[in-house]
Structure formats: structure tokens, C-alpha cells
Amino acid sequence: MSSSSSLSLTLRIWRQRQDEPRGRFLDHHLTGLSPDLSLLEALDRLNQQLLLEGERPVSFDHDCREGICGSCGFLINGQAHGLRSGTTVCQLYLREFSDGQTLTLEPWRARAFPPIQDLVVDRSALDRLLMAGGYVSVNIGSAPEANVLPVGRDLAEQAFEAASCIGCGACVAACPNASASLFVAAKLAHLELLPQGQPEASRRSRRMREQMDAEGFGVCGNQLECSAVCPKEIPSRLISRMNHQAMA
Amino acid sequence: MRLEPRLPTGPVADAWGRRRQELAQIAPANRRRYRVLVVGSGLAGAAAAASLAEQGYRVRVLTYHDSPRRAHSVAAQGGINAARNYQNDGDSVDRLFRDTVRGGDFRARELGCHRLAEISGSIIDQCVALGVPFAREYGGTLSNRSFGGSQVSRTFYARGQTGQQLLYGVVQALLRQVEAGRVELCPQRDVLDLISLDGVARGAICRHRLSGALETHTADAVLLASGGYSNVFHRSTNAVRSNASALWRCHRRGALMANPCFTQIHPTCIPSGDPDQSKLTLMSESLRNDGRVWLPRRAGDHRTPDQVPEVERDYFLERLYPSYGNLVPRDVASRRARELCGAGHGVGPAGRSIYLDFEEAIEREGRGVIQARYGNLFSMYERITGVDPYREPMRIYPAPHYTMGGLWVDYHLMSTIPGLFVLGEANFSEHGANRLGASALMQGLADGLFIAPATVPAWLAEHPHPALPHHHPACRDAVEGVRQRIAGLRAIGGSRLAVDLRRLLGGLLIESCGISRSAAGLRSGLEGVAALRASFDQDLRLPDPETPLDPELERALQLEDYLELAELMLRDALAREESCGAHFREEHQSESGEALRRDAGFSHIAAWEWRSDGAPIRHQEPLHFRAISPTARSYR
């Protein structure tokens, strides 16, 4: 947490204004950075610098800065959320990098995620996937007593694991086909594993898979990059599970 | 102005049930004629929107996120309370009610606290039905753990991601209604003003964050569920974009602001290391179930923790509060940490940290058990600090967390602006001067799932309004006001970025109105804020953006509101000449350093009325305790 050393970094950032059809990489230099800063805090610093110089600041999504809201995310040297596994961009600290290093930052690139500006893309397709059945149809106020429906500990843990997806879109960005299979498979597993979600399981599965195609996500080619970059380490076996259930 | 809290008379225990029976209703076929505008998509907002849409009302949700799943409720870690007595330790609605009133240091309404305790059980039922994967026992029943300020295990949890799972539950319910066409979801909207007509809330003005367009949204009732304002301290446990704008603009339109100085400082956060650090990360209070808090006995001891032998360690919470130990309420734990660090016992950078040590728990339970309980928190800590908490104690320090103050609401959650309802952390209700662990999620969901869906329809039934067209002068004037405000900020043309002033404001506020407050400190805080306001008015640099996407404008608008809010917080803290809960006035403490309440003068809710002349008026709503008699809080 305390360190006297300081870093210089070159950030090669994809710059694309909202009204531009194409962007380009621009180099931005930062010096005197504490290794205790996060990468997003370094971007904050860069933006202050750019504003004072009368330049347009870099747009990037962020909010909670503790790895849970799913807002942040871009490619760092070609890797979604950077090289460290199981981590969002906001949880990357400069101590992970070396002095003088160049980092290339570019946005998620997928047909279903239209670019907005710089590192920001439109991920509303993920919400439309959820709208296509990613819920339990129970009206508020009509729930039975909670312990009426026992759920074994192991099953609850598995459902939790699937439910921990934060919808950041890294899985889509890492997939050569820009498939949303891991996102959909995680939601299906979360809800199907629990007895509450079972009555509408097959309808949900069919509709969410159809919506994936409608949104322009690609098909799963089993490269498993999605799972490798997932900040919540959602296992790729959930995709096999989804495919298996769909064929059953 | 007279405050009318609309509290039920008669016995406390079944007051809510009686009131519900009296509330007017609207026939199902007529509900679709009514339009409700919900601001915010967190636990309270998403739950209220989904509930009202299920009932048949036409709902529109404004959220500044790209997806409702991003709302900051997602980051709540530890759990949600409910009086279910699943652990056979004697818990009951009455006990949760008493703990809530007592935990709030008798500065909350009895009737509200009782209603919250009553509803708590139904919240768990509903969330389980929505598919929230709570922790379970092997036999399949729900599991519980204990939290600060309570001696029973009544906290339901989903590892350290309870808020995330609860939020996803209600957001999925919300998206189901979006799909059904009953809710119109409007993301990327920054709410900048309230539309009121003849003093009644009728809509909101917002700026589309991507197009820059100013939009007019009208409705028959407005529900504000925009969260808390502890980002006024600049560095807090809030998400960095959490703001007070919608709330503050409603205040300026006539909604009274209650108890603004009651900000909970959470004792277990990762301390700040660098001046450019943007936030403070919370480590769930549940860690204190197994972690032991200590400092070296000797002041100025700079040895590494493993070099400090057991006898030279001061487990100060266990020493001072034997019956609650490390689980004393947040305000108490925060104060003791600050005092000991002030006396030179602190560790870490600038001596501003204490140890939270898991060595004994790991020895007792095994690393696997501790990992299963807190694994995600441990890895989060390791990522941020670069230190492995399985091997070395965590270093933690208190940080601004949850705001108990907020817009004043009556028993129906309606503000002093008729037709404006305020839910969740944005209102002041239920927590009093302090908040028990795991009670915020409970309140957000109680408001959103069960209270507003009962009281808002009653308002609609009794106050039919003709539709408000967008070309109405009330709408046009409000849009014009926002337009001029933005133009005014751009016209300043100074040299200082908003973030600069914001950092100074935060530092000033934490110093003068943080864990501890004194009259002299608060007065100098007021002078400091006035000076910062002058700098803002004369020297703000807000460059013209090349594109509509303009976070710098958002920051400047927020800062303008924060400056006014900070001033009100300081005034409120200065006026409350007592110590209670999160508000510790140094002039009012016992010989042993405990907070001294002054019930004779301050057993009331302070509700401030905005005045454009800069002299807000303090109103009081007296508090009456019928079921529990106020006693001094003691956790020894």
C-alpha cells in the first residue's frame, strides 16, 4: 500500500469520437505514477491532464471500482480486463506493470456491442437477453414461506456460482465469434438449478438462445476464451450444460 | 410549515396492518391510466417499479447507468436481516424491532422500525422465490450469520455478494415487466430537476448522457430511489459516480432534508494510500465475525505484525466491549479506531490503520472454511493492496459509508412535496442516527417491494390529475432552468477542474464532519465550504466538449450540489447539540468517551427547508416512544 517508487507508462488508446465511423490509436504518456494506483485512477489522471491541455478526455465506463458492478472493461494488450485472471479492469493496480511499459487499451469489439466513444460500447443487448426469459415469473407478494422449498447446500452453491456473472461482456469480447454463450449459459444454470426456476426452464432456454441470434452474437466454437477471461471465473462447463439441456 | 408524519394511532404492533386496510385502492382495469416515474434502479427503485407494474400501473424508470444491473446496491456485501428465528436463538419481530430502534440510538420513528421488522420475513420469501441463491444448510434450509449490533443470527446472505444477488433478483423482475411492456426503461439519464405543478410532483427533467438532450418526463407520481450521498466526502465506499443531484434538486424544489449530518462511517474499509486514489473499498462487516481487531499496545510501534508478540497486542474492542467484542456497532468501532490511531497506536501509512487479523480463525477453522466464508473479500483485498490476508492481518480504517439522512418522508414514504415519494437510502427513514449491519438492504426492499406499492396507489386514487403536456409552462420553465444552469457553468471559464475542488471539499468535510465533530470544527468547516463555493463560482473550468458525452459536465453539476449539501450537513451537525449514533459531538461525551444523547432537547428529527437566501429553516418532528423507553446504548 505504500511505495516510494514511481512509474512511467505509455497508454496506447483507441480514440473514436461518438460521431466518427472509425477510430485510431493515440499514444498518451504518464509519468510519476504510484504503483498503488489502479489503472482506472491512472486514466483519471490522464483525463485531468487532457482537460487542462484543452484536449478531449478518454471515455471509459466505470463505477463501483471494486469489481462488482460490471461497468468497466476493455482490452489491455489484447486481453479482456488484462492479464491477471479473475479480475475486472478496475481491480488492476499499477504494481502489476513495469516502468516504461506500453499498454494498448481498446474497446470490446463485437457486432452486438456497437461502439459509443473511445473505450465505451453499448452492451444493452445483454439486458435484452435477460428480458427474453432470464427471470423467475413470480409476482411480488405471492411468494411461499422461504423454507418450504429446500435447496441443498451444494446446489445453492452451484446456482450462486452461476449467478455471480456481472454482465461486463468480457466473454463476448474474448470470443473469436463474439458469442454470448457464457452469459446466457450462466443465467440459465443459475435459474434452472434452483427449484424455483424449473417450471419455465425449457421455455426460458429456447427464448434466450433465440434472442442471442437476434442480437447478432455469434455461435459458440468451444474456444473457451470466454471462461478464461471471465472476471468472476464462470466455468465453461455451463455452456456444455446449456447445450446438453437444449438437446435433451 | 407543519410536518405531518401521518403516523397511525393505537398499538404499535399491528399499526401497519391497520393502515393497509384503510388505504384507498384502484380497480385493476383502471390502473393502466396512471403513470409512475421511478428515478433509480437499485434495490428500492427496481423493486418498486416491478411491483407497481405487476399491479398494472404504467411505469417509467430513469437510471443513469447503462443497465439497471449496475446500481450500487450491487456492491453491498454482507447480508440482509430478517426476524425468522431459524436458528432457534429467540429472534422475533419484536426483537428485531427493538434492536433497530436501539441501534438507531432512538432517533428513528418507532412505527417505521416496527413495520420494517414485520416486513423483513416477507422480503426473504420473495427473494427466494425470485431465485436469489442465499446460503443454505446441508439439509436445504436457509443459513444465517450474525452481524454488528445484534446478539442473534438473523442475517441472510449470499457469500459476500448479497447485494448483487438481491439486486439481480429484483432487476430480473423489473426486466420481466419491461418485456411485458408495462415498464419503459430509460437508461443513461441524469436527473437534473423535478417538475412540480401547484406544489405537486409531476415529473423530472433529465439529461441523456449519450445524446446530451434535455428531456421532459411527466407522470402522476414520482418515486425517487436514487441512493445515498456519502460521495460528498469525495472518497467513500460509494461507487464513484453515485451522486446527490436528483435528491438535492428535489430539496431545492421544496422537499425537506432530514438529519443530513447522520452519515455512517464504516469501520472496516481499505484505507487510502495515494492522493489520486478515487474511492475507499468496504470490507464486509461480516469479517468481524472471525477477524480480531488489534493494535500494538505501545504507541509508535513500527514492527511488522508478526513481530508483535501476543502480550503486546491490544484487542481493544474485545477489551472494552466484552459482550459484543469485535461486533460492536459501526459508530462505536469507528470511534475507538480513530482515537487509538490519533494516540499513535495506528499502523500503516501515516498510522491511519488498524489490524483485522484472521490468524486465530484460520488456525481454529482451517483455511478452507475461512476461504469459503470470505474468499471473494480476501481476494479483493489482495488485489487492491498487494498483501495476502491469509498470511498477514488486513489493514483497515473507517470510511464514509451509508447516509442515514435524506429527504424527509411521512409514514407513506411521501416527501413534503405531495406526489414525490422517496425510497431506500435517498430517504431518511428507519435507521435513526445509526444503522445496524444488514439493515440497509432490508429497508430498500421493504420500501420498494411492500410499502410504496401500497401507499403510492392510495395517493393516485385520491389525487387524480389531468395529464401534464410537455409544452406546459411548468415543464418548459424547468427545462429552461437546467439549460441556463449548464450555460452558466460553462461561462465561468476559470482554471480549476471540478475534481480539484471536489477533493478539497471531501477532505474538509471528513475532517470537520466525519467520525467526530466539534462546534469549532464545524464552524471552520462552514467557512471552508464558503471559500470553496467562491472558487467554484469564479474559477471553475468546464471545457466545451467536442461530443455530447460529457462526464466533466456531470461532475461540475454534482459538485455544485455537493457544495450546498455539505453546508447543510455542517449546519445540521452544529445544531444537534448532542451525540447520537453516527453523530459524535466531542462536547457531549461521558467520562469514558461514550456518546451522550440529550433526549430532552433532541429527541426529534431535524428537517431542513431550503431557502434561496442561504438561511435554511430547521423544522422538528418530535419522536415518541411508546413501546420501548429510550435508554443509553451500551455494548459493554
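Okay, so let's go over this structure. (Residues numbered from 1 in each chain as written. Chains lettered and ligands numbered in written order. Predicted model: local features only at pLDDT ≥ 70, side-chain atom pairs only at ≥ 80, totals over all residues. Heavy atoms only, no water.)

1. Things to note about the overall build of chain A
When its secondary structure is counted, chain A shows 8 helices and 7 strands. On the principal axes, the C-alpha backbone points of chain A span a range of 60 × 45 × 35 Å. Within chain A, the fraction of its 248 residues that count as buried is 61%. Excluding contacts between residues fewer than 6 apart, the proportion of contacts in chain A whose partners are at least 24 apart in sequence is 69%. By element, 47% of the accessible surface of chain A is carried by carbon and sulfur atoms, the whole surface being about 9500 Å². Averaged over its 24 positive side-chain charges, chain A has a centre that lies 5 Å from the centre of its 28 negative ones. (Helix = DSSP H or I, 4+ residues; strand = E, 2+ residues; numbered from the N terminus. Buried < 20%, exposed > 50% of the residue type's maximum accessible area, 1.4 Å probe, protein only. Contact = heavy atoms within 4.5 Å. Areas by Shrake-Rupley, 256 points an atom, 1.4 Å probe, with all protein chains shown as cover. Lys, Arg positive; Asp, Glu negative; His and termini not counted. Charge placed at Lys NZ, Arg CZ, Asp CG, Glu CD.)

2. Points about the overall build of chain B
When its secondary structure is counted, chain B shows 16 helices and 20 strands. Its C-alpha atoms give chain B a radius of gyration of 24 Å, within 12% of the compact-globule value 26 Å for 636 residues. Based on the C-alpha atoms only, the size of chain B along its principal axes is roughly 75 × 60 × 50 Å. Sequence-distant contacts in chain B: of pairs separated by 6 or more residues, those separated by 24 or more amount to 74%. Entry remark: accessible area of chain B is about 20500 Å², with carbon and sulfur atoms responsible for 48%. In chain B, 77 positive and 73 negative side-chain charges are present, and the distance between their average locations comes to 3 Å. (Rg over C-alpha atoms; globule rule 2.2 N^0.38 Å.)

3. A few points about the pairing of strand β2 (residues 58–62) of chain B
All names here are of chain B. Where strand β1 (residues 35–39) lies against β2, 5 bridges are found, and the strand directions are parallel. Residue V38 lies in a different strand from β2, and its bridge partner there is V61. Each parallel crossover has a hand, and the one from β1 via helix α2 (residues 43–55) to β2 is right-handed. (Pairing = 2+ DSSP bridges. Right-handed = clockwise from strand over helix to strand, strands pointing away.)

4. Observations regarding a negative patch on the surface
Residues and elements named next belong to chain B. Taken together, the side chains of D306, E359, E363 and E392 present a region of like negative charge at the surface. The residue E359 is located in helix α9 (residues 359–365) in this model. Among the residues examined, E359 registers a relative accessible area of 46% and is labelled partly exposed. (Patch = residues over 30% accessible without salt bridge, like charges linked within 9 Å, V, L, I, M, F, W, Y side chains within 5 Å. Salt bridge = Lys/Arg side-chain N within 4 Å of Asp/Glu carboxyl O.)

5. Things to note about the packing of aromatic side chains
All names here are of chain B. Across all of its chains, the model carries 14 aromatic pairs over all chains by this definition. A ring pair is formed by W16 and Y411, whose centres lie 5.9 Å apart and whose planes are at 75 degrees; its orientation type is edge-to-face. In this pair, W16 is assigned in helix α1 (residues 15–22) and Y411 in the loop between β17 (406–407) and β18 (420–422), connecting sequence segments 395 residues apart. The exposure class assigned to W16 is buried, which follows from its relative accessible area of 5%. Ring centres of W294 and Y355 lie 4.7 Å apart, and the angle between their planes is 40 degrees; on these two criteria the pair is classed as tilted. Of this pair, W294 sits in strand β13 (residues 292–296) while Y355 sits in strand β15 (residues 354–357), placing them 61 residues apart in sequence. Neither residue differs from the other here; W294 and Y355 are each classed as buried. Three or more aromatic residues joined by ring pairs form one cluster here, namely F358, Y374, F378 and Y390. (Phe/Tyr/Trp six-rings, centres within 6.5 Å; stacked < 30°, edge-to-face > 60°.)

6. Examining the interface of chain A and chain B
Listed as interface residues are 75 residues of chain A and, on the opposing side, 81 residues of chain B. In this structure, the connection of chain A to chain B is made through 8 salt bridges. The salt bridge involving B:R84 is made with A:E145; its shortest N-O contact spans 3.1 Å. Connecting chain A to chain B are 43 residue pairs in polar contact (both at pLDDT 80 or more). Among the elements of the structure, α1 (39–52), β6 (115–117), α2 (124–131), α3 (153–163) and α5 (181–193) of chain A are those that each provide at least two residues to the side of chain A that touches chain B. (Polar contact = N/O pair within 3.5 Å; in protein donor to acceptor, adjacent residues only side chain to side chain.)

7. Brief notes about the environment of B:R597
Residues and elements named next belong to chain B. Within the secondary structure layout, R597 lies in the loop between α15 (551–575) and α16 (599–602). In this structure the C-alpha to C-alpha distance between R597 and D105, which are 492 residues apart in sequence, comes to 8.2 Å. Here R597 is in contact with D105, F106, R107, E578, S579, C580, P630, T631, A632 and R633, once residues within four sequence places are set aside. Among the polar contacts made by the side chain of R597, one reaches the side chain of D105 at a distance of 2.8 Å. Polar side-chain contacts of R597 include one of 3.1 Å to the backbone oxygen of T631.

8. A few points about the nonpolar core
Counting 218 residues, the largest nonpolar core has A:F217, B:I80, B:I123, B:F134, B:L223, B:L420 and B:L445 as its most contacted members. Within the second largest apolar cluster, 39 residues are counted, among which are B:M283, B:F316, B:A337 and B:Y397. (Core = buried A, V, L, I, M, F, W, Y, C linked by side-chain atoms within 4.5 Å.)

9. Examining the sheet that holds strand β2 (residues 24–33) of chain A
Residues and elements named next belong to chain A. Read across the open sheet, the 5 strands follow the order β2-β1-β5-β3-β4; overall the sheet is mixed. The outermost strands of the open sheet, each flanked by one partner alone, are β2 and β4 (79–80). As paired strands, strand β1 (residues 7–15) and strand β5 (residues 102–106) are joined by 4 bridges and run parallel to one another. Residue I13 lies in a different strand from β5, and its bridge partner there is L105. Taken strand by strand, α1 contacts β1, β2, β3 (75–76) and β5, and its axis lies near 100 degrees from that of β2. (Axes fitted to C-alpha atoms, helices over the stretch in contact; angles between N-to-C directions.)

10. Let's talk about the packing of helix α12 (residues 473–492) of chain B against α15(B)
Residues and elements named next belong to chain B. Where α12 meets α15, the axes come as close as 11 Å, and the angle between the chain directions of the two elements is 100 degrees. Between α12 and α15, the interaxial angle falls into the category roughly perpendicular. Residues R485, I486, L489 and R490 of α12 touch α15, and the partners they reach there are L553, A556, L557, E560 and D561. Its residues placed into classes, the contact of α12 with α15 shows 5 nonpolar, no polar and 4 charged. (Parallel < 35°, antiparallel > 145°, perpendicular 65-115°, else oblique. Nonpolar A, V, L, I, M, F, W, Y, C, P; charged D, E, K, R; others polar.)

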